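Chain by chain, the residues:
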Amino acid sequence: MQNKINVMNIMFDNVTQIEALNLIFKYLNKDNKGYICTPNPEMLLEAQKNSPFLNVINNSLLNIADGIGILWAAYNMEKHNSKLKAILNLPLIALYPKKFKTVLKERVTGTDLIQKICERSAGTPYKVFLLGAVPGIAEITKEKLQQKSPALKIVGTFAGSAELKDKDTIVQLINKSEADILFVAFGAPKQEMWIYENLKNLKTVKIAIGVGGAFDFISGKRKRAPVWMQIIGLEWLYRLFQEPTRWKRIYNATIKFPIEIIKLL
Ligand code: UDP
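Residues numbered from 1 in each chain as written. Predicted model: local features only at pLDDT ≥ 70, side-chain atom pairs only at ≥ 80, totals over all residues. Heavy atoms only, no water.

Chemist: I'm lost on the layout of surface pockets in this one. Help?
Modeler: Empty space among the atoms can be located by rolling a probe the size of a water molecule over them. Volume-wise, the second largest pocket comes out at about 280 Å³. If you go around the second largest pocket, you meet 14 residues; those closest to its centre are Lys101, Arg107, Asp112, Gln230 and Ile231. Taken together, the residues that form the lining of the second largest pocket break down as 5 nonpolar, 4 polar and 5 charged. (1 Å grid on protein atoms, 1.4 Å probe; cavity = no way out; pocket = protein on both sides within 12 Å on 5 of 7 lines; lining within 4 Å. Points joined across faces, edges and corners; volume = space filled by probe spheres on them. Nonpolar A, V, L, I, M, F, W, Y, C, P; charged D, E, K, R; others polar.)

If you want it as structure tokens, here you go:
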């Protein structure tokens, strides 16, 4: 078992992107059935007040840190446990992010992970289903993924929703598709709760992953920040300019989350 790091009661698996991919394909090969979460700072805050969500995250096959803020939190909890040091090293998220890759090894975004899973699934028997996002987006995502990996088998797409009225239709569609891998883009925590409640009814699905806004990025509906901004942990600033209405969510991830971590030290 790979080592686990506790951040705000969420047990993170200390894995790089490659290690996460290797584990996912090991689960697929072994006929495991389960789900993978990519918790980010916002999800950690939500899980503090939503215990069913916390429970769902901690029952996953794998929890992968999606956010440099989580690496910063893990570093300060394990290495220093000092409020002052955590405040002083906060600017290093932008100036020297490598410093924080010594406790949790790497930030792995959902968007990168699903693209890598698709690349590796091409030419294998594993079939993929894309669920969620607004109508039309999953289809464009499918086209983009298949342009990159023509041998990839995407056996279904459906916008749907996490609402109860859509449940039976979605379960039937996925069962008919005989998909092995399911990506769900309903946003957190809805997507994780949906997966937890419905996975047992999805007969052929071995691995399900809540992917947040990944389809929006892959389809081109939303643009990702330039790589240099992602590297220095400023993706949030790009998003703030792109979608100012998300300010509350960005505030939670960039201000509230570090404050809550510092309080715990
Ligand atoms: N979404 C959805 N149904 C909902 C809420 C969200 O299909 O009820 C989709 C939304 O269109 C987007 C994805 O869920 O494709 C994640 O949205 P969010 O803005 O939360 O993305 P994140 O911040 O996680 O990248």
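Chemist: Any chance you could explain the packing of helix α1 (residues 17-29) against helix α7 (residues 110-121) here in plain terms?
Modeler: One can describe the packing of α1 onto α7 by two numbers: an axis separation of 11 Å at closest approach and a directional angle of 50°. On the basis of the axis angle, α1 is oblique to α7. Two packed elements cross with a definite hand, and for α1 against α7 that hand is right-handed. Between α1 and α7, the residues in contact are Gln17, Ile18, Ala20, Leu21, Asn22, Ile24 and Phe25 and Asp112, Leu113, Lys116, Ile117, Arg120 and Ser121, respectively. (Axes fitted to C-alpha atoms, helices over the stretch in contact; angles between N-to-C directions. Helix = DSSP H or I, 4+ residues; strand = E, 2+ residues; numbered from the N terminus. Parallel < 35°, antiparallel > 145°, perpendicular 65-115°, else oblique. Left-handed = near helix turned anticlockwise from the far one by under 90°. Contact = heavy atoms within 4.5 Å.)

Chemist: I'm lost on the packing of aromatic side chains in this one. Help?
Modeler: Two aromatic rings are characterised by how far apart their centres lie and by the angle between their planes. Going through the model one piece at a time under the given rule, you end up with 4 aromatic pairs. Measuring from centroid to centroid gives 6.1 Å for Phe186 and Trp194, while their planes differ by 80°, and the two rings are edge-to-face. The exposure class assigned to Trp194 is buried, which follows from its relative accessible area of 4%. (Phe/Tyr/Trp six-rings, centres within 6.5 Å; stacked < 30°, edge-to-face > 60°. Buried < 20%, exposed > 50% of the residue type's maximum accessible area, 1.4 Å probe, protein only.)

Chemist: Please clarify how the pairing of strand β6 (residues 153-158) should be interpreted in this entry.
Modeler: Bridge count between strand β5 (residues 127-132) and β6: 5 bridges; the pairing is parallel. Residue pairing across strands places Lys127 opposite Lys153, the latter belonging to β6. Note on the crossover from β5 through helix α8 (residues 137-148) to β6: the handedness is right-handed. (Pairing = 2+ DSSP bridges. Right-handed = clockwise from strand over helix to strand, strands pointing away.)

Chemist: How do you make sense of the environment of Val134 when you look at a structure like this?
Modeler: Relative to the helices and strands, Val134 resides in the loop between β5 and α8. For Val134, a relative accessible area of 43% puts it in the partly exposed group. Along the primary structure Val134 and Leu264 are separated by 130 residues, whereas in three dimensions their C-alpha atoms are 38 Å apart.

Chemist: Please explain the side chain of Asn175 as it appears in this structure.
Modeler: Topologically, Asn175 is positioned in helix α9 (residues 164-177). Here Lys203 takes part through its backbone nitrogen, which lies 2.8 Å from a polar atom of the side chain of Asn175. (Polar contact = N/O pair within 3.5 Å; in protein donor to acceptor, adjacent residues only side chain to side chain.)

Chemist: Mind showing me how you'd approach the pairing of strand β7 (residues 181-185) here?
Modeler: Among the 5 residues in β7, 5 count as buried, and that is most of the element. Alternating positions in β7 separate into two faces, Ile181, Phe183 and Ala185 on one and Leu182 and Val184 on the other, with burial throughout. Sheet analysis places β5 next to β7, joined by 5 bridges and oriented parallel. Paired with Val128 across the bridge in β7 is Ile181. In terms of strand pairing, β7 meets strand β8 (residues 207-210) through 4 bridges, oriented parallel. Directly across from Val184, in β8, lies its bridge partner Gly210. Handedness of the β-α-β unit built from β7, helix α10 (residues 190-198) and β8 comes out right-handed.

Chemist: How should the nonpolar core be read in this particular structure?
Modeler: Across soluble globular proteins, nonpolar side chains have a tendency to be buried as a group. Ranked by size, the top nonpolar core spans 48 residues in total, and within it Val7, Leu131, Ile174, Leu182 and Trp194 carry the most contacts. If you tally residues by element for this core, the top one is helix α4 (residues 68-80), at 7 residues. Beyond its immediate chain neighbours, meaning those up to four positions away, Leu131 contacts Phe158, Ala159, Ile170, Ile174, Leu182, Phe183, Val184, Ala185, Phe186, Trp194 and Phe215. Formed by 34 residues, the second largest nonpolar core is a distinct cluster that contains Ile24, Cys118, Tyr126 and Val128. (Core = buried A, V, L, I, M, F, W, Y, C linked by side-chain atoms within 4.5 Å.)

Chemist: How should I be thinking about the sheet that holds β8 in this particular structure?
Modeler: Strand pairing in a sheet is mediated by backbone hydrogen bonds. Such pairs are either parallel or antiparallel. Reading across the sheet, the 6 strands line up as β4-β3-β8-β7-β5-β6 and stay open at both edges, with parallel pairing between neighbours. One side of each edge strand has no neighbouring strand; the edge strands of this open sheet are β4 (62-63) and β6. Against the sheet, α8 contacts β5 and β6, and its axis sits at roughly 165° relative to β6. Most of the contacts of α10 go to β8, to which it runs at about 160°, and overall it touches β3 (34-37), β5, β7 and β8.

Chemist: Looking at this structure, I do not really get the environment of Ile209. What am I missing?
Modeler: Here Ile209 is to be found in strand β8. Sequence-wise, Ile209 and Glu260 are 51 residues apart; in three dimensions their C-alpha atoms are separated by 27 Å. Not counting the four nearest positions on each side in its chain, Ile209 is found in contact with Ile36, Leu113, Ile117, Leu182, Phe183, Val184 and Ile195.

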